[in-house]
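# Observations on the model geometry
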Amino acid sequence: MCFHILGIDIMLDAECKPYVLEVNHTPSFVADTPLDRFIKFSLIKDTLQLLNITPEARAKAIEKMNRLQR
């Protein structure tokens, strides 16, 4: 399973029409404001949920790797 998180900077005009300014392949996860922290924390949380990264899934993957190495 693979994924890539992109940072997309947009600007809205007076009619709220979006314009893409740039796309970053390595977006910053620094949170300078409470809104920024909320957005970035939610993004990371949702990404981990989509990947099904749980303690049980991790333990299962480690056990599978150990079996393959033996």
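Residues numbered from 1 in each chain as written. Predicted model: local features only at pLDDT ≥ 70, side-chain atom pairs only at ≥ 80, totals over all residues. Heavy atoms only, no water.

## Considerations on the environment of A31
Test applied: Think of it this way: any DSSP run of H or I at least four residues long counts as a helix, any run of E at least two long counts as a strand, and we number them from the N terminus. Only protein chains enter the area calculation, which uses a 1.4 Å probe; residues under 20% of their type maximum are buried, those over 50% are exposed, and those in between are partly exposed. The contact criterion used throughout is that any non-hydrogen atoms of two residues lie within 4.5 Å.
Within the secondary structure, A31 sits in the loop between β2 (18-24) and α1 (34-51). For A31, a relative accessible area of 37% translates into the label partly exposed. Each C-alpha atom, one on A31 and one on F41, is 8.9 Å from the other, the two residues being ten residues apart in sequence. With residues up to four places along the chain from it excluded, the contact list for A31 reads D36 and R37.

## A word on the pairing of strand β1 (residues 7-12)
Defined as follows: What makes two strands pair is DSSP finding at least two bridges between them.
In the sheet, β1 pairs with β2 via six bridges, with the strands oriented antiparallel. Within β2, the position partnered with I8 by the bridge is V23. Where β1 folds back onto β2 in an antiparallel hairpin, the turn is made up of five residues, including C16, whose phi is positive at roughly 65 degrees.

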